[in-house]
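# Structural characterization, general
What follows is each chain in one-letter form.
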Amino acid sequence: MSTVSEKWPVTKGDFSAGNPKSCIAVVTLASSMPLFEKAAIWGSCKTENLGAEKVVMNVVSNCNIRYVLLCGGESRGHLAGQTLKALYENGIDEDGRILGSEGAIPFIENLEIETIQRFRQQVELIDHTGLTDIDEIYSIVDNYYDSEKPFGASPISFRKAVRKYQPPESIGADVLISEKVVMDAFSGLIYEIA
């Protein structure tokens, strides 16, 4: 049984793939730090919505990842680190709101609740938010990178991300603000969908 999805990492972002067989992913939050090849994936997460979604997608598509290390400086306003911790501890409600998040827009729009539950089961979160000492971070990775067997399920594969709510084509809106509010960015008009 394969432990890693084809074409992993499955989504693009401000991160680099290291060793896909490693047990640990490193999220440097708003800090930029050089990749340590012993980590499965290494990079920033600056937003409490799409950034958090990308972390979840890249983790559940690689069953070897059993730990997620949060480190680096927190992103102001978005509070991506606090939100990832809340997501791990509490999950989401039926509307996709991350329970306990203090971020500005703490909503998961492109992932199902089962994917979030899988993330919470697959990994242990190691919270060192604020830690920027690169030697200490490397030491944590050294302690975890080969310490676990893969999660006992198949990796989750993702096709192109699709929003749960799509504006009606008849309106011509191109920005989804919420389930019932859309905007035509060219004209600046905002519509409420009945």
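Quick summary incoming for the structure in this document. In every chain, residue numbers begin from 1 and rise along the written sequence. Totals for whole chains, interfaces and linings use every residue, but because this is a predicted model, local features are given only for residues with pLDDT of at least 70 and side-chain atom pairs only at 80 or more, for both listing and counting. Values reported for side chains reflect all heavy atoms of the structure, with hydrogen atoms and water molecules removed beforehand.

## Examining the sheet that holds strand 1 (residues 15-17)
Threshold: Only strands joined by at least two bridges in the DSSP assignment are considered to pair. In DSSP terms, a helix is any run of H or I states spanning at least four residues, a strand is any run of E spanning at least two, and both are numbered starting from the N terminus. For helices, the axis comes from a line fit to the C-alpha atoms of the stretch in contact; other axes are also lines fit to C-alpha atoms, and the angle between any two N-to-C directions lies between 0 and 180 degrees. Contacts are residue-level and defined by heavy atoms, with any inter-residue pair within 4.5 Å sufficient.
Read across the sheet, five strands follow the order 1-3-2-4-5 without closing on themselves; strand pairing throughout is mixed. Two strands bound the open sheet, and with one partner strand each, they are strand 1 and strand 5 (124-127). When strand polarity is set aside, the average angle formed by the axes of neighbouring strands in this sheet is 15°. Where strand 2 (residues 24-27) lies against strand 3 (residues 41-43), three bridges are found, and the strand directions are parallel. Residue pairing in the sheet places Val27 in a bridge with Gly43 of strand 3. The strands that helix 2 (residues 80-90) touches are strand 2, strand 4 (67-70) and strand 5; relative to strand 5, the one it contacts most, it runs at about 150°.

## Quick notes on unusual backbone geometry
Cis rather than trans, the peptide bond between Trp8 and Pro9 has omega equal to 0°. Positionally, Pro9 belongs in the segment before strand 1. Of note, the phi angle at Leu29 is positive, near 50°, even though the residue is not glycine. With respect to the helices and strands, Leu29 occurs in the loop between strand 2 and strand 3. In this structure, Leu79 takes a positive phi of about 50° despite not being glycine.

## Focus: the pattern of salt bridges
Let me state the cut-off plainly: One speaks of a salt bridge when a side-chain nitrogen belonging to Lys or Arg is within 4 Å of a carboxyl oxygen belonging to Asp or Glu. In this scheme, a residue with accessible area under 20% of its type's maximum is buried, one over 50% is exposed, and one in between is partly exposed, where area comes from a 1.4 Å probe on protein chains only.
In the structure shown here, the tally under the stated rule is four salt bridges. Residue Asp14 pairs with Lys46 through a salt bridge whose shortest N-O separation is 3.5 Å. Highlighted residues: Asp14 in the segment before strand 1 and Lys46 in the loop between strand 3 and helix 1 (50-60), separated in sequence by 32 residues. Looking at Asp14, the relative accessible area reads 52%, which means it is exposed. We classify Lys46 as partly exposed; its relative accessible area is 41%. Among the salt bridges present, the one from Asp142 reaches Lys38, with a minimum N-O distance of 2.7 Å. Here Lys38 lies in the loop between strand 2 and strand 3 and Asp142 lies in helix 4 (residues 134-144), a separation of 104 residues in the sequence.

## Structural notes on the packing of aromatic side chains
Test applied: The rule is short: rings of Phe, Tyr and Trp, with Trp giving its six-membered ring, pair when the centres are within 6.5 Å, and they are stacked under 30 degrees, edge-to-face over 60, tilted in between.
For the structure shown, the criterion picks out three aromatic pairs. Each residue in the set Phe36, Trp42 and Tyr138 is aromatic and connected to the rest through ring pairs, giving one cluster.

## Thoughts on helix 3 (residues 113-122)
Defined as follows: In this description, the arc belongs to the directions extending from the helix axis to the C-beta atoms.
Those residues of helix 3 not exposed but buried are Thr115, Ile116, Arg118, Phe119 and Gln122. In an axial view of helix 3, the angular spread of the buried residues amounts to 155°, which keeps them on one side of the axis. In helix 3, the exposed residues that point more than 90 degrees away from the buried face are Glu114 and Gln121. Those residues of helix 3 that are buried are in contact with helix 1, strand 4, helix 2 and strand 5.

## Considerations on the side chain of Thr115
Examined against the element boundaries, Thr115 turns out to sit in helix 3. Those residues in contact with Thr115 that sit more than four places away from it in its chain are Val56, Val60, Ile156 and Phe158.

## Considerations on the packing of helix 1 against helix 3
As a reminder, the rule being used: Reported orientations rely on four angle classes, namely roughly parallel under 35 degrees, roughly antiparallel over 145, roughly perpendicular from 65 to 115, and oblique for the rest. By definition, turning the near helix anticlockwise from the far helix through less than a right angle yields a left-handed crossing, and turning it clockwise yields a right-handed one.
Running from N to C, helix 1 and helix 3 cross one another at 65°; their axes reach a closest spacing of 10 Å. Taken together, the axes of helix 1 and helix 3 are roughly perpendicular relative to one another. Helix 1 and helix 3 meet at a crossing whose hand is left-handed. Here Val55, Val56, Val59 and Val60 of helix 1 lie close against helix 3, whose contacting residues are Thr115, Ile116, Arg118, Phe119 and Gln122.

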